[in-house]
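# Analysis of the macromolecular model
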Amino acid sequence: MKQDKVLNVAIVGGGPGCKAIMDMIFADKLSQLQMNLIGIACTNPKAVGYEYAREKGIYTTRDYSDLFALKDLDMIIELTGHDEVTQEIARSKPDRVRLVDHVAARLFWDIFQIEEQRLLERMEAMNALQYSEDKYRSLFNNAQVGMFQTRVSDGKMLECNGRLAEMFAYESREACLAEFVTAEHYLDPGTRERMLAEMQETGEINNFEARLSRNDGAVIWVRYSARIYPDKGCIEGVATDITDEKRAVEAVVEAKEDWENTFDAITDMVMLLDDKHQIIRVNRAAAEGLGTNKESLVGKQCYEAVHGQNHPTRGCPLVRTMKTLGPHTTELTEPRLGGTFICSTSPILNRAGELTGYTHSLKDITEPKRLEAQLQHAQRMEAIGTLAGGIAHDFNNVLMGIQGNTSLVSLHTDPDHPHFGHLKAIEDMVQRGAELTRQLLGFARGGKYEVKPSDLNEIVEKSSEMFGRTKKEVKVHTKHQKDIWPVEVDQAQIEQVLLNLYVNAWQAMPDGGDLYVETKNVALDDSYAMPFGVGPGNYVKISVTDTGVGMDKETQQRVFDPFFTTKEIGRGTGLGLSSAYGIIRNHGGIINVYSEKGKGTTFSTYLPASEKEIPVTEKELSDEVLRGTETILFADDEEGILEVGKQWLKEMGYEVMLAASGKEAVETYEEHKDEIDLVILDMIMPEMGGGEAYDRIKEANPQVKALLSSGYSIDGQANEILERGCNGFIQKPFDMKTLSLEIREILDRE
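Remember, it's a predicted structure, so these values are computed and weren't measured experimentally.

In this section: the environment of Ile-721. Here Ile-721 is to be found in helix H24 (residues 717-723). Residues Ile-721 and Glu-692 lie 29 residues apart in sequence; the distance between their C-alpha atoms is 8.9 Å. With residues near it in sequence (within four places) discarded, Ile-721 still touches Met-683, Gly-691, Tyr-694, Leu-708 and Cys-726.

Next comes the structure, spelled out in structure tokens:
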């Protein structure tokens, strides 16, 4: 094949191939191609071709870009075998210079050999050419990358190797050539147009990535390197399936996103620090908790971000972690954050065990601490209540003895007697003592007496009107919920609670003020009810708010403690609010307080709503001592009470049998059960209490009539005995009239 002029050629790569081409040129074996060697470039000056060129006086250089300056350079033959070198030359060479890469050079080498053979024998040359073509076709078809030639206009596949057909899920190369039109398989709009625009501008593309669909519908990612030939209307290039590579990258991205999402999902405030305590990353909770954004925290010291200080705080766990390289935790209260937190720090170590940074977390325990304090307060009040109940029980027994003996003396003392007034004074003092024990029992566990469905609006209205009439310097404002839910309460005790709250408010407003009393139906959820030891559900709320002096936090924490008072001696016993607390708690309710110094106080009570209907009428009680002739068994372990009871009952006309213990009561009843009409049992007795004694007596006579007596109240154990069939309950200390009424009510009951 003749050419119009001699081609000035330079070779990049000074290896054996370079020397062989020079030998052929110098031997004039390439005379038909009219090639003139004008330069050699090789980074290795010891290469055989490079040294050979220097011997022949050919221009040599170690930087191939120097070749571009050679006069009349027409072609560069690249023999290094490195694709990146070929690509670099292709990008940087002058437009006038052609490039023959190492693959094409190899083909030239074969052609050179064929040309040499043709000089010897035409047949051998033809066989050699066929061999070369077969070898090229074998390399083309067996390449591990897809090779293709497509039409520019529509992307019709003009030529491809087997790897490309396999890449796009065709059974054979022939099927791919017959069916595949690449332009129809780009999944993202505009991708092929961008690729063509780049090739038309630069003549080629390198590492262009696109998402395509295969023949079977699967999606793959392909990386293209190709050159456009406008004169031929085709594109030639190679394609590599990078789907697995893309998936790996996506997996890394997804893992990073998952980590970020998990990091931000942590509700604790978490910071990652470098080994100089500077913040390098925070989660969303930390940014929100510190009232800023993530970016503004990066680079700050942890103690600067959390505490607003330029040094670690006292007891900082990070200081200990730095010393021990172990995790440490402490509890801290930070006013800037408005709460209490668990602060935890841990070291971050690399695979070699070297310190690279720290984790720093803050867990907000403000609410759990508040709930814990409420629970501890409730448990403390429960323990105090148990103690108060025991004291009240014993004191009631003492008062019962005093009351009984005083009443007996009064019965046989003429009103004109000089000591009769003293006896009445003793009875009055007993009543005052009984009132104190009632307050103690109101605070103590088990303090309800007569429980029935009630309308709290009526109780509030009655109590507030009575209070308003006596304390005119206080203006009372009431607001009642319409259709208030019924509650099951001891009305007298709820009135006592309200009056205690009113009096407390009055004392907090020495110069007068306003008192607001409101009722409301409310529904409490578990999160509110649980810390108070009650269940969620419907409650009736009573709020009592004053405009008084208010209380500090320390006073609020102790306001329900028995005998705690801020008043001077003689103005209060410290039992009013503790009694109110106990009464509400004994009704299964909640009482709490909110106050600020100088801004008044609000007491809120919540009583469980009831499904029962409110009764319309109440029984009227007689004002006289009622008498009878039946036989009564009276059991009590207190000798003084036993003697008083005996004499009272005889005064009422009854026949009396006595028992000093529960066991003795059972034995006496079993022996005289046909004679005994009523049993009066003390609930607390040694060896056998009133409850067990009642059960044993009931076994002997299921129809037995019994009255339970106790220094405790009706709630708790006494109520359980009543539920088992006991006919009534009387609270110590009681007087003769009250006892006579209870006896007649039980005996006259059909």
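In this section: a nonpolar patch on the surface. Taken together, the side chains of Leu-325, Leu-349 and Leu-355 make up a nonpolar region of the molecular surface, amounting to roughly 230 Å² of accessible area. Mapped onto the secondary structure, Leu-325 falls in the loop between helix H13 (317-324) and strand E13 (328-334).

Put simply, helix H21 (residues 639-651) and helix H25 (residues 736-747) touch, their axes get as near as 11 Å, and they point 65 degrees apart. The angle between H21 and H25 falls in the class roughly perpendicular. Relative to H25, the crossing made by H21 is right-handed. Between H21, through Trp-648, Leu-649 and Glu-651, and H25, the contact on the second element is made entirely by Met-736, Leu-739 and Ile-743. Partitioned by chemical class, the residues of the contact of H21 with H25 number five nonpolar, no polar and one charged.

Okay, the pairing of strand E15 (residues 355-364) next. Two strands pair when backbone bridges link them, and strand E11 (residues 269-274) and E15 are joined in this way by six bridges, in the antiparallel orientation. Of the residues in E15, the one forming a bridge with Leu-273 is Tyr-358. Sheet topology places strand E14 (residues 339-349) next to E15; nine bridges connect them, and they run antiparallel. Following the sheet pairing, Ser-346 is matched in E15 by Thr-359. Following E14, the chain reverses through five residues before pairing antiparallel with E15; Gly-353 in that reversal takes a positive phi of roughly 80 degrees.

For Asp-72, which is not a glycine, the phi torsion comes out positive at approximately 60 degrees. Assignment of secondary structure puts Asp-72 in the loop between strand E3 (60-61) and strand E4 (75-78). For Asp-72, a relative accessible area of 48% translates into the label partly exposed. The phi torsion at Leu-325 lies on the positive side, around 55 degrees, for a residue other than glycine.

Our focus in this paragraph is the sheet that holds strand E6 (residues 146-151). Across the sheet, five strands lie side by side as E7-E6-E10-E9-E8; this open sheet has antiparallel pairing. In this open sheet, the two edge strands, each paired with only one partner strand, are strand E7 (157-160) and strand E8 (204-213). The sheet shows a mean angle of 30 degrees between the axes of neighbouring strands, direction not considered. When E6 meets E7, the two strands line up antiparallel, connected through three bridges. Bridge pairing in E7 links Gln-149 to Glu-159. Sheet strands in contact with helix H9 (residues 243-265) are E8, strand E9 (219-229) and strand E10 (234-241), and its direction is about 125 degrees off that of E9.

Parameters and conventions
Residues numbered from 1 in each chain as written. Predicted model: local features only at pLDDT ≥ 70, side-chain atom pairs only at ≥ 80, totals over all residues. Heavy atoms only, no water. Helix = DSSP H or I, 4+ residues; strand = E, 2+ residues; numbered from the N terminus. Contact = heavy atoms within 4.5 Å. Patch = residues over 30% accessible without salt bridge, like charges linked within 9 Å, V, L, I, M, F, W, Y side chains within 5 Å. Areas by Shrake-Rupley, 256 points an atom, 1.4 Å probe, with all protein chains shown as cover. Salt bridge = Lys/Arg side-chain N within 4 Å of Asp/Glu carboxyl O. Axes fitted to C-alpha atoms, helices over the stretch in contact; angles between N-to-C directions. Parallel < 35°, antiparallel > 145°, perpendicular 65-115°, else oblique. Left-handed = near helix turned anticlockwise from the far one by under 90°. Nonpolar A, V, L, I, M, F, W, Y, C, P; charged D, E, K, R; others polar. Pairing = 2+ DSSP bridges. Buried < 20%, exposed > 50% of the residue type's maximum accessible area, 1.4 Å probe, protein only.

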